[in-house]
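Working through the structure, step by step
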Amino acid sequence: MAAVTDDFAKKCQVKHNDTLGRFVVAVDNIRAGETLLVEEPIVILPHLGERRCARCLNLTTNFCSKCQLLPLCEECKDHEERDCQRLADLQLSEEQVQQLQDSQRTEVQSMVKCLLLREHTETRSLYEEMYQMDAQLDARRGTEVWNNYQANVANPLESSGILGKLWQGSDLEKDVELVQRLLAIFDINAFEIRAPESGGSMRGIYRRASLFPHSCMPNLVSAIDDASNGRQLKMYASRFIAAGEILYNCYTNVLLGTQERREILKQGKCFNCNCPRCVDPTELGTHMSSFMCNNCSSTGGYIVLNPETNQWQCLLNPEHTLKREFVANMLERAKEEVFHARDNIYRMELLLAKLSRLLHGNHYVMLDLKQNIAAILRQILQNMAHRPNRKVYERKIRLCQEILLVLKVLAPGINRLKAIALYELANTQAELARKLYTEQELSSTDLLSQLQQTEIMMRESLRMLLFEPLATPEGQLSRSMMRELKELQNDIKILQDGDDVVVR
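It should be emphasised that the depicted structure is a prediction, and the values quoted were computed from it without experimental measurement. (Residues numbered from 1 in each chain as written. Predicted model: local features only at pLDDT ≥ 70, side-chain atom pairs only at ≥ 80, totals over all residues. Heavy atoms only, no water.)

**Some remarks on the packing of helix α12 (residues 324-341) against helix α14 (residues 364-382)**
Selection criterion: Fitted lines through C-alpha atoms serve as axes, helices being fitted only where they are in contact, and the angles separating the N-to-C directions of these axes extend from 0 to 180 degrees. Secondary structure counts use DSSP, requiring at least four H or I residues in a row for a helix and at least two E residues in a row for a strand, with both numbered from the N terminus. What sets the label is the angle itself: under 35 degrees gives roughly parallel, over 145 gives roughly antiparallel, 65 to 115 gives roughly perpendicular, and the rest give oblique. Contact definition: two residues touch when any of their heavy atoms are within 4.5 Å. Following the grouping adopted for this structure description, the nonpolar residues are Ala, Val, Leu, Ile, Met, Phe, Trp, Tyr, Cys and Pro, the charged ones are Asp, Glu, Lys and Arg, and the polar ones are all others, Gly among them.
In the contact formed by α12 and α14, the axes pass within 11 Å of each other and the chain directions differ by 5°. Considering their axes alone, α12 and α14 lie roughly parallel with respect to each other. Residues Leu331, Ala334, Lys335 and Val338 of α12 form the contact with α14, whose own contacting residues are Tyr364, Val365, Asp368, Leu369 and Asn372. Looking at the contact of α12 with α14 residue by residue, the classes come out as six nonpolar, one polar and two charged.

Right, here's the structure in full:
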């Protein structure tokens with residue numbers, strides 16, 4: 001496994017307090033885009049309910065014929081020899097093996113994979129580092145998650161005898177508690193990794209990356225090179241960071257509302273977020289969780305969750321309220337309608353108009369709809385057989401602009417979501433300008449001006465994506481953008497020379 005780069009020790013200092021536990025501060029000033037950390041995971045694990053091949057990480061229901069405990073797909077003949085041999089040496093009975101292979105107990109294999117790290121002198125230090133990670137055991141004890149893990153992971157491992165047979169000299173009673181600790185470490189500290197199949201995902205445990213605490217307004221970006229065998233993770237600064245600042249990563253989707261983000265963090269990570277965005281009812285003026293106030297809509301009244309009263313109240317008139325039950329039910333119905341409207345642009349546009357009477361235009365449900373509509377419009381514009389008219393281009397441009405306005409507030413500095421939205425906007429504007437030029441609705445002078453504006457946006461988008469690992473989808477996009485940028489610059493030069501552009 002690759003060692004952590006020296007830059008972490010030079011640029012970062014690990015500290016501790018009662019609120020954050022272990023955290024990291026910047027030793028010196030850090031420039032935007034500057035890399036702080038590069039490392040490979042201690043272990044890669046499947047998501048709950050899944051089994052993945054111990055060698056290629058593809059989904060599988062088969063097991064290694066030799067050790068019988070670690071999954072192995074039909075395409076792979078073997079996996080790590082020392083792990084396989086160690087498990088085979090346990091000589092578990094057929095009944096014990098079947099107990100551990102139970103389809104309801106998929107986390108058993110993840111636990112076995114991690115326990116094997118302490119079996120070998122080469123990996124024991126990695127296991128010990130993982131063991132020191134935040135587990136929040138007291139907060140989890142007795143919860144539904146705890147009881148489920150106890151029934152489906154800890155108890156089968158104990159009754160099968162595997163805990164007593166691994167690592168001579170271990171305390172069986174302590175190891176049963178250790179199982180819960182490691183499972184908690186997986187839940188709290190894991191980073192999401194793209195899986196080999198399209199749309200799938202896995203979890204990775206990283207040695208130093210887990211030290212960075214959470215903020216919904218982070219100053220770091222994490223990028224995982226999922227195309228590499230090692231799934232190397234890179235952490236870099238999203239903006240200028242002054243010496244002494246705490247270094248924050250974001251554990252949730254920035255395009256979720258405050259209640260949703262907090263619930264995810266509370267359930268999965270066992271803490272309450274009190275970052276500047278979470279404590280502001282308007283989410284820094286973006287209103288990503290705000291409802292329209294029917295009584296004050298003409299004067300810009302929005303209903304937000306008042307943190308002091310814990311009630312949904314109008315900013316202009318606190319007497320105008322919404323019941324919490326109504327808010328929860330309405331959002332649940334809206335999400336369900338969004339789900340059923342997917343891939344149907346007409347249903348999504350109608351739903352967007354319908355919800356605009358209830359939700360702020362920047363509400364996270366509305367933004368989700370706008371992203372889905374923009375994605376379908378992209379497919380329409382890429383297929384010239386559809387013969388898209390001017391309104392299709394203009395609709396996508398408006399949607400990109402609306403999404404960007406939110407991202408510029410919530411994700412200042414370098415951000416891949418913002419970079420992609422900016423690219424989509426620039427690309428669509430350039431294509432519309434070329435279309436209008438061929439239809440003689442735009443002069444060569446106007447086309448030149450439009451393409452020059454597009455070049456500025458394209459450069460800014462590319463500047464942000466160049467920090468991403470080249471093998472990632474974002475890295476691949478940056479390569480194609482560089483080619484598009486050269487073509488754009490060539491068109492600009494032709495127009496500046498007074499010649500006609502050949503529209504592609």
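Read on for the rest.
**Some remarks on the sheet that holds strand β6 (residues 201-205)**
Quick reminder of the rule: The pairing criterion is simple: DSSP has to find at least two bridges between the two strands.
Read across the sheet, three strands follow the order β4-β6-β5 without closing on themselves; strand pairing throughout is antiparallel. In this open sheet, the two edge strands, each paired with only one partner strand, are β4 (43-46) and β5 (191-194). Direction aside, the axes of adjacent strands within the sheet are offset by 40° on average. Across four bridges, β4 lies against β6 in antiparallel orientation. The partner of proline 46 across the bridge, within β6, is methionine 202.

**A look at the nonpolar core**
As a reminder, the rule being used: Here, nonpolar core refers to any group of buried Ala, Val, Leu, Ile, Met, Phe, Trp, Tyr and Cys residues whose side-chain atoms link them within 4.5 Å. Exposure is judged per residue with a 1.4 Å probe applied to protein chains only, and the accessible area is read against the type maximum: over 50% gives exposed, under 20% gives buried, and values in between give partly exposed.
Membership of the largest hydrophobic core comes to 75 residues, with the highest contact counts inside it found for Phe291, Leu331, Leu355, Leu359 and Val365. It is helix α16 (residues 416-438) that provides the largest number of residues to this core, a total of eleven residues. With residues up to four places along the chain from it excluded, the contact list for valine 365 reads Leu331, Ala334, Lys335, Val338, Leu355 and Leu359. By size, the runner-up hydrophobic cluster in this structure holds 47 residues, among which are Leu69, Met133, Leu163 and Leu166.

**Considering the sheet that holds strand β3 (residues 35-39)**
Through backbone hydrogen bonds, the strands of a sheet pair up, either in parallel or in antiparallel fashion. Taking strand neighbours across the sheet as the criterion, the three strands line up as β3-β8-β7 in an open arrangement whose pairing is antiparallel. At either margin of the open sheet sits one strand with a lone partner, and together these are β3 and β7 (220-225). The average undirected angle you get between the axes of adjacent strands in this sheet is 15°. In this sheet, strand β8 (residues 232-237) lies alongside β7 in antiparallel orientation, the contact comprising six bridges. Bridge pairing links leucine 220 to alanine 237 in β8.

**Focus on the packing of aromatic side chains**
Describing an aromatic ring pair means giving the distance of the ring centres and the angle of the ring planes. Note the following rule: Stacked, tilted and edge-to-face pairs are distinguished by plane angle, under 30 degrees for stacked and over 60 for edge-to-face with tilted covering the rest, among Phe, Tyr and Trp rings (Trp via its six-membered ring) whose centres lie within 6.5 Å. By definition, being over a ring means that NZ of Lys or CZ of Arg is both within 6 Å of the ring centre and within 35 degrees of the ring normal.
Scanning the entire structure with this criterion turns up six aromatic pairs. Note on phenylalanine 191 and tyrosine 206: the rings are 5.6 Å apart at their centroids and 80° apart in plane angle, and the pair reads as edge-to-face. Linking phenylalanine 191 in strand β5 with tyrosine 206 in the loop between β6 and β7, this pair joins segments that are 15 residues apart in sequence. Using a relative accessible area of 10% as the deciding quantity, one classes phenylalanine 191 as buried. Take tyrosine 206: its relative accessible area is 0%, and that puts it in the buried class. Pairing tyrosine 251 with phenylalanine 271 gives two aromatic rings, centres 6.3 Å apart and planes at 80°, and the pair type is edge-to-face. Within this pair, whereas tyrosine 251 is found in the loop between β8 and α10 (258-269), its partner phenylalanine 271 is found in the loop between α10 and α11 (276-279), the two being separated by 20 residues in sequence. Overall, tyrosine 251 belongs to the partly exposed group, its relative accessible area being 29%. Judged by relative accessible area, which is 24%, phenylalanine 271 ranks as partly exposed. Taking NZ or CZ as reference, arginine 181 lies 4.7 Å from the ring centre of tyrosine 131, over its face. One cation-aromatic arrangement involves lysine 269 over tyrosine 251; the distance from NZ or CZ to the ring centre is 5.6 Å.

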